[in-house]
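Residue strings, one per chain:
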Amino acid sequence: MEFAYVDWKVNDRLGVRGGLLLMPLGWLNEQHEPTSYLGLRRPEVEQRILPTTWREVGAGAYGDAGPVTWRAYLVTSLDAAGFTAEDGIRDGRQQGSEARASDVALTARVDVRPIRDKSFGDLLVGASAFSGRTEQERPGFP
């Protein structure tokens, strides 16, 4: 299962959700399914640095204020036992089913659409972050 969550929209500008969440990191992770394919190949960043289809168990809030949209979640963190020189942090994803939750992380994304024009198109500027410890109470990790 790629993602599954309970979503409660408090009002037109604020909502909360919990469950198996897609991480709001990078442009592609939340936008990779039809009808949103953005190219034939995933960008290098999404192949080598950010693991695509990254999902974790957690809860958080989302909302918008005019041209600004945001999402912030508290989730199970990565598991450093899966980090490798070849695949980076990709195999550190816990992805829900048997996730250790001794370490949690905060992940967030903010997007701004300063230009919305039917003939020109939209301009989207965004930033995302992930912060959390990754040892998951495994011996040998600091």
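What comes next concerns the included structure. In this convention, every chain numbers its residues from 1, walking through the sequence in written order. This being a predicted model, a pLDDT of at least 70 is required before a residue's local features are given, and a value of 80 or more before pairs of side-chain atoms are given or counted; all residues contribute to the totals for chains, interfaces and linings. Each side-chain value is worked out from all heavy atoms of the structure, with water and hydrogens disregarded.

### Comments concerning the side chain of Arg 17
What counts, and what does not: In DSSP terms, a helix is any run of H or I states spanning at least four residues, a strand is any run of E spanning at least two, and both are numbered starting from the N terminus. Relative accessibility decides the category of a residue: with a 1.4 Å probe and only protein chains considered, values under 20% of the type maximum give buried, values over 50% give exposed, and everything between is partly exposed. Polar contact is defined as a pair of N or O atoms within 3.5 Å, subject to the rule that within protein one atom must be able to donate a hydrogen and the other to accept it, and that residues adjacent in sequence are counted only when both atoms are side-chain atoms.
Tracing the backbone shows Arg 17 in strand E2 (residues 14-22). Classification of Arg 17 by relative accessible area gives buried; the value is 13%. Within the local environment of Arg 17, its side chain forms a polar contact with the side chain of Tyr 73, the two groups lying 2.8 Å apart.

### Focus on the nonpolar core
For clarity, the cut-off: Take the buried Ala, Val, Leu, Ile, Met, Phe, Trp, Tyr and Cys residues and link them wherever side-chain atoms come within 4.5 Å; each set so joined is a nonpolar core. Note on definitions: a residue-residue contact is assigned when non-hydrogen atoms from the two residues lie within 4.5 Å.
Among the nonpolar cores identified, the biggest contains eight residues, and these are Leu 21, Met 23, Leu 25, Trp 54, Tyr 73, Val 75, Leu 78 and Ala 105. Those residues in contact with Met 23 that lie beyond four places of it in its chain are Asn 29, Glu 30, Trp 54, Arg 55, Glu 56, Val 75 and Thr 107.

### Remarks on the packing of aromatic side chains
How we decide: Paired rings are identified among Phe, Tyr and Trp, the last through its six-membered ring, by centres lying within 6.5 Å, and are further divided according to the angle between planes into stacked (under 30 degrees), edge-to-face (over 60) and tilted (the rest). Whether a charge sits over a ring depends on NZ of Lys or CZ of Arg being within 6 Å of the ring centre and within 35 degrees of the ring normal.
Evaluation of the coordinates by the stated rule reveals two aromatic pairs. When the centroid spacing of 5.9 Å and the interplanar angle of 25 degrees are considered together, the rings of Phe 3 and Tyr 5 count as stacked. Assessed through its relative accessible area of 40%, Phe 3 is described here as partly exposed. Judged by relative accessible area, which is 34%, Tyr 5 ranks as partly exposed. Judged by centre distance (5.1 Å) and plane angle (45 degrees), the ring pair of Trp 54 and Phe 130 falls under tilted. Of this pair, Trp 54 sits in the loop between helix H1 (44-49) and strand E3 (55-65) while Phe 130 sits in strand E6 (residues 121-132), placing them 76 residues apart in sequence. Residue classification places Phe 130 among the partly exposed residues on the basis of a relative accessible area of 25%. When the ring centre of Tyr 62 is taken as reference, the NZ or CZ atom of Arg 17 above it lies at 4.0 Å.

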